[in-house]
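# Chains, contacts and geometry: an overview
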Amino acid sequence: MLPYIILQYPYDKIEVALCDNGNIIQLAQEHKFNAIKSTIPHISSMLENHNLKLSDLKFIGVNVGPGPYNTLRALLTMANGIHFASKIPLIKLTALELLSLEHENENTLIIFQAFADNVFYQYKENTKTKTGACSINQLIEKLNKQSTVFLALGNGAQMYKEKLQKHAGNNVTFPSTIPLFNSIESMAKKSLDLFLQNKLETDYLKPIYFEDLSTK
């Protein structure tokens with residue numbers, strides 16, 4: 001058995017899953033208003049249900065966002081605290097990368113909400129991945145300089161679908177149902193891949209901040 005916990009915050013709820021060797025064996029979801037106080041009890045209950053101790057966990061995988069800052073910071077602080085107390089390794093993942101991987105055969109444009117009219121984004125320009133943060137109008141300007149037609153995904157793509165169609169329609173298409181965030185299943189598999197590659201975090205986790213990407 002190769003047990004581990006994964007945590008993520010897809011904007012409206014927190015997801016906590018106990019996994020084994022790439023597969024989810026128990027999942028809990030809580031609305032964001034109740035999530036932080038319930039996360040540790042969920043982890044404890046999952047471990048007890050499967051006759052595991054905290055020390056049996058091989059690692060904790062955490063999606064560092066993007067996401068609304070206050071709840072995301074609280075979730076990461078909790079994961080960092082468990083890491084500090086137990087020395088269980090941490091694995092860092094991002095929703096931008098995970099959602100892109102779920103559609104790796106497409107020319108994806110991942111857009112997540114930030115604040116006001118600002119967004120986080122990721123797309124490929126030639127063979128290079130472009131990741132950044134800017135206003136939706138600035139992103140449209142960037143897209144209109146591209147020759148690629150992108151498949152738009154993420155909650156920002158849903159929010160700004162009409163605007164993107166109107167002002168960047170030659171460069172953007174949409175699936176019939178837009179995935180708003182990455183799946184917890186893809187996170188379970190990718191976190192295990194990173195663990196097996198020994199890509200562990202050497203420091204405490206912090207969320208993706210708008211300012212960290214806005215100059216890239």
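Residues numbered from 1 in each chain as written. Predicted model: local features only at pLDDT ≥ 70, side-chain atom pairs only at ≥ 80, totals over all residues. Heavy atoms only, no water.

### With respect to the overall build of the protein chain
If you tally the helices and strands in the protein chain, you get eight helices and 10 strands. Taking 17 Å as the expected radius of gyration for a compact globule of 216 residues, we find that the protein chain reaches 18 Å, a close match to that expectation. In terms of overall dimensions, the protein chain has a C-alpha envelope of 55 × 30 × 30 Å along the principal axes. By the burial criterion, 48% of the 216 residues in the protein chain qualify as buried. Excluding contacts between residues fewer than 6 apart, the proportion of contacts in the protein chain whose partners are at least 24 apart in sequence is 64%. Surface summary for the protein chain: the accessible area is close to 10,800 Å², and the carbon and sulfur share equals 46%. (Helix = DSSP H or I, 4+ residues; strand = E, 2+ residues; numbered from the N terminus. Rg over C-alpha atoms; globule rule 2.2 N^0.38 Å. Buried < 20%, exposed > 50% of the residue type's maximum accessible area, 1.4 Å probe, protein only. Contact = heavy atoms within 4.5 Å. Areas by Shrake-Rupley, 256 points an atom, 1.4 Å probe, with all protein chains shown as cover.)

### Thoughts on the environment of Ser135
With respect to the secondary-structure elements, Ser135 resides in strand 8 (residues 128-135). Along the backbone, Ser135 and Gln113 are 22 residues apart, and their C-alpha atoms lie at a distance of 10 Å.

### Focus: the nonpolar core
In terms of nonpolar packing, the biggest core is built from 37 residues, with Ile5, Leu7, Ile60 and Phe112 touching the most fellow members. By residue number, the principal contributor to this core is helix 2 (residues 69-86), which donates five residues. For Leu7, the contacting residues outside a window of four places in its chain are Glu15, Val16, Thr39, Ile43, Ile60, Gly61, Val62, Asn63, Leu75, Ala79 and Met187. Residues Ile111, Ala168, Val172 and Phe174 belong to the second largest nonpolar core, which totals 19 residues. (Core = buried A, V, L, I, M, F, W, Y, C linked by side-chain atoms within 4.5 Å.)

### Notes on the environment of Asp117
In this structure, Asp117 sits in the loop between strand 6 (108-113) and strand 7 (118-125). By relative accessible area, Asp117 is classed as partly exposed at 47%. Discounting residues that sit within four places of it in the chain, Asp117 has contacts with Cys134, Ser135, Ile136 and Tyr160. Side chain to side chain, Asp117 and Tyr160 meet in a polar contact 3.4 Å long. (Polar contact = N/O pair within 3.5 Å; in protein donor to acceptor, adjacent residues only side chain to side chain.)

### Things to note about the packing of aromatic side chains
In total, this model carries 10 aromatic pairs according to the counting rule given. Between the aromatic rings of Phe59 and Phe195, the centroid separation amounts to 4.8 Å while the plane-to-plane angle is 25°, which identifies the pairing as stacked. Highlighted residues: Phe59 in the loop between helix 1 (32-49) and strand 4 (60-63) and Phe195 in helix 7 (residues 184-196), separated in sequence by 136 residues. Owing to a relative accessible area of 0%, Phe59 belongs among the buried residues under this scheme. Through successive ring pairs, a cluster of aromatic residues spans Tyr4, Phe59 and Phe195. Taking NZ or CZ as reference, Lys161 lies 5.5 Å from the ring centre of Phe174, over its face. (Phe/Tyr/Trp six-rings, centres within 6.5 Å; stacked < 30°, edge-to-face > 60°. Lys NZ or Arg CZ within 6 Å of the ring centre and 35° of its normal.)

### Observations regarding unusual backbone geometry
Residue Pro66 is bonded to the preceding Gly65 through a cis peptide linkage, with omega at 10°. Among the secondary structure elements, Pro66 is positioned in the loop between strand 4 and helix 2. Phi is positive for Asn21, which is not a glycine, with a value near 55°. One can find Asn21 in the loop between strand 2 (13-20) and strand 3 (23-31). Residue classification places Asn21 among the partly exposed positions, given a relative accessible area of 47%.

### A short note on helix 7
Helix length check: helix 7, at 13 residues, gives a terminal C-alpha distance of 19 Å against a target of 18 Å (1.5 Å per residue), a fit within 8%. Those residues of helix 7 hidden inside the fold are in contact with strand 1 (3-8), strand 2, strand 3, strand 4, strand 5 (90-93) and helix 3 (95-102). Following helix 7 by one or two positions, Asn198 adopts a phi angle in the positive range, close to 60°. (Expected span 1.5 Å × (residues − 1).)

### Comments concerning the side chain of Gln146
Its location among the elements puts Gln146 in the loop between helix 4 (136-143) and strand 9 (150-153). On the basis of relative accessibility, which here comes to 14%, the residue Gln146 falls in the buried class. Filtering out sequence-adjacent residues up to four positions away, Gln146 remains in contact with Tyr123, Glu125 and Asn171.

Keep in mind these values describe shape, not function.
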